[in-house]
Amino acid sequence: MNAIFDTLRRWPDVEAPGLVAVDAADRLILDESAERRASAQPGDVVVFNDAYGALTLGAAHAGASGVRTHIDALTGERALDANAARLCLTDRYRSAPLDDSLVSGARTVLLRLPRSLDALRDIAGLIAAHADPDVVVVAGGRLKHMSVSMNTVLREHFGRLDVTHARQKSRALIARAPHDGRDPSPAAAQVEGLEVRAYGGAFAGARLDIGTRLMLESLPDALPGGTPDDPLIDLACGTGIVGAWIATRHPGVHVHSCDQSAVAVASARATMRANGVQDRVAVVRDDMLGTRPSASASFIALNPPFHSAAAVTDLIAPRMFDDAARVLRPGGQLWCVWNSALRYRPLLERAVGDTEQVARNAKFTVTVSTRR
Ligand SMILES: C[S@@+](CC[C@H](N)C(=O)[O-])C[C@H]1O[C@@H](n2cnc3c(N)ncnc32)[C@H](O)[C@@H]1O
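Residues numbered from 1 in each chain as written. Predicted model: local features only at pLDDT ≥ 70, side-chain atom pairs only at ≥ 80, totals over all residues. Heavy atoms only, no water.

(A) Structural detail: the packing of aromatic side chains. Applying the stated rule across the entire model yields two aromatic pairs. Consider the rings of Phe 321 and Tyr 344, whose centres lie 5.3 Å apart with planes at 85°: the pair is edge-to-face. Linking Phe 321 in helix 11 (residues 316-327) with Tyr 344 in the loop between strand 16 (328-339) and helix 12 (345-351), this pair joins segments that are 23 residues apart in sequence. Each member of the pair Phe 321 and Tyr 344 is classed as buried. (Phe/Tyr/Trp six-rings, centres within 6.5 Å; stacked < 30°, edge-to-face > 60°. Helix = DSSP H or I, 4+ residues; strand = E, 2+ residues; numbered from the N terminus. Buried < 20%, exposed > 50% of the residue type's maximum accessible area, 1.4 Å probe, protein only.)

In structure tokens form, the structure reads like this:
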């Protein structure tokens, strides 16, 4: 098994010393599920929340076939495909959306515990609703990312929960006897006259992040662009709160909201429908602005991410600034909010062009950068 782990890469997600494609929690989940997988039939094994393919390909390498897998991040899904191609295992699995088609009839589920309890609740409910009644769920994570609340959430949908000993700062929770299954439905709230919808794990849930609020309150009354060919871009849209805010305050404008997270995209589509702006706001799952043409946009709004899988990193935002610079036409604007401690201004100047501070409070800075 170690030989396949050595070949796994995070690409096309950020790669840097200290950012790994497989860790001790992945190995523990595979070890704890090995006996169960040994007698699995094709289609029995389902994987949730793999980071870069360690669980899916570890199971496939050990003989599993017809594996169904769901990775929330598009970069993770693409890394899995690239890793599988290198290992000649592409015919052993298929990616599926987070719905009954992923989990129906599953007998062994390998689950990398998500950081968000709401995301775990959605996953646990979905498994309980559609997996085989005899299903065994092997859910693992790093101790630093686990809490006893995860046991409580799993007990909402499973009658039996066993907890393994810790190994290499990781632990697995083994859940059996599913009950009270339910399909995920988004949390709903009204924020500043907007309807917000959030499936478990979407950034900030059905709330307005305080950094995002500062950026939205700083936007001018008139925004450049907004036509079908030059839509206002809501990059890394999360629940779609920025796109919906803009679309509801500027009747008639067209907006393009995009995020690489499947849960974010589902949430943003639900947010747009709830505000009646779904005809003017396209919501797209994309790695940064991969589907947008170069030099085509007049306006991009961004609250950049600082997570890559479980790791906290400041390496993603600079990549987003570069892609925003590619997509902006000369004179186009990148509006950005960032934690003031991160000192993004020189990066924005270098990637995009002249950068002005528009607002600042105790924690956040809002800037507008004009494409040179
Ligand atoms: C700080 S949240 C901002 C969400 C939303 N705009 C808001 O202000 O509430 C950052 C978002 O970046 C997304 N993200 C991370 N990496 C990405 C990538 N490579 N391409 C597109 N979106 C990405 C995350 O899924 C997350 O929804």
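Don't stop here, the text continues.
(B) Highlighting the pairing of strand 12 (residues 281-285). Across five bridges, the pairing between strand 11 (residues 255-259) and strand 12 is parallel. By the bridge assignment, Ser 257 is partnered in strand 12 with Val 283. One crossover worth recording links strand 11 to the parallel strand 12 by way of helix 10 (residues 262-274), and it is right-handed. (Pairing = 2+ DSSP bridges. Right-handed = clockwise from strand over helix to strand, strands pointing away.)

(C) Molecular detail of the sheet that holds strand 11. The mixed open sheet is built from seven strands, whose spatial order is 12-11-10-13-16-18-17. In this open sheet, the two edge strands, each paired with only one partner strand, are strand 12 and strand 17 (355-360). When the angles between neighbouring strand axes are averaged without regard to direction, this sheet yields 20°. In the packing of helix 9 (residues 241-249) onto the sheet, the strands contacted are strand 10 (232-235), strand 11, strand 12 and strand 13 (297-302), and the crossing angle to strand 11 comes to about 175°. Along the sheet, helix 11 contacts strand 10, strand 13 and strand 16; its crossing angle with strand 16, the most-contacted strand, is approximately 155°. (Axes fitted to C-alpha atoms, helices over the stretch in contact; angles between N-to-C directions. Contact = heavy atoms within 4.5 Å.)

(D) Quick look at helix 9. With seven of nine residues buried, helix 9 lies mostly within the body of the structure. Taken together, the buried positions of helix 9 are Ile 241, Val 242, Gly 243, Ala 244, Trp 245, Ile 246 and Ala 247.

(E) Spotlight on the nonpolar core. Ranked by size, the top nonpolar core spans 37 residues in total, and within it Ile 246 and Phe 299 carry the most contacts. Secondary-structure elements contributing two or more residues to this core are strand 9 (194-198), helix 8 (210-218), helix 9, helix 10, strand 12, strand 13, strand 16 and strand 18 (364-370). Looking at this core, the element that brings in the most residues is helix 9, giving six residues. In contact with Ile 246, other than residues within four places in its own chain, are Leu 219, Leu 223, Leu 232, Val 253, Val 255 and Phe 299. The next biggest cluster of nonpolar side chains, apart from the first, holds 29 residues, and it includes Ala 64, Val 67, Ala 84 and Ala 172. (Core = buried A, V, L, I, M, F, W, Y, C linked by side-chain atoms within 4.5 Å.)

(F) Geometry of the pairing of strand 13. The element strand 13 is largely enclosed, with a buried count of six among its six residues. As paired elements, strand 10 and strand 13 share three bridges and run parallel to each other. Residue Asp 234 lies in a different strand from strand 13, and its bridge partner there is Ala 301. For strand 13 and strand 16, the ladder comprises five bridges, and the chain directions are parallel. Among the inter-strand pairings, Ile 300 is bridged to a residue of strand 16, identified as Leu 334.

(G) Just the site of the ligand, in detail. Surveying the vicinity of the ligand reveals 16 residues, the closest of which are Thr 212, Ala 236, Asp 259, Asp 287 and Met 288. Note that a nitrogen atom of the ligand is positioned 3.2 Å from one of the side-chain N or O atoms of Gln 260. In isolation the ligand has 600 Å² of accessible area, and contact with the protein removes 92% of it. Tallied by class, the residues present in the shell around the ligand amount to eight nonpolar, five polar and three charged. (Near = heavy atom within 4 Å. Polar contact = N/O pair within 3.5 Å; in protein donor to acceptor, adjacent residues only side chain to side chain. Areas by Shrake-Rupley, 256 points an atom, 1.4 Å probe, with all protein chains shown as cover. Nonpolar A, V, L, I, M, F, W, Y, C, P; charged D, E, K, R; others polar.)

(H) Broad picture of the side chain of Arg 68. For Arg 68, the location among the structural elements is in strand 2 (residues 67-70). Buried and unpaired, Arg 68 has no salt bridge, with Asp 44 as the nearest side chain of opposite charge at 6.6 Å. With near-sequence residues (within four places) excluded, Arg 68 lies in contact with Gly 43, Val 45, Val 46, Val 47, Arg 94, Ser 101, Leu 102, Val 103, Ser 104, Gly 105 and Ala 106. (Lys, Arg positive; Asp, Glu negative; His and termini not counted. Salt bridge = Lys/Arg side-chain N within 4 Å of Asp/Glu carboxyl O.)

None of the figures reported here should be taken as evidence of function without further support.
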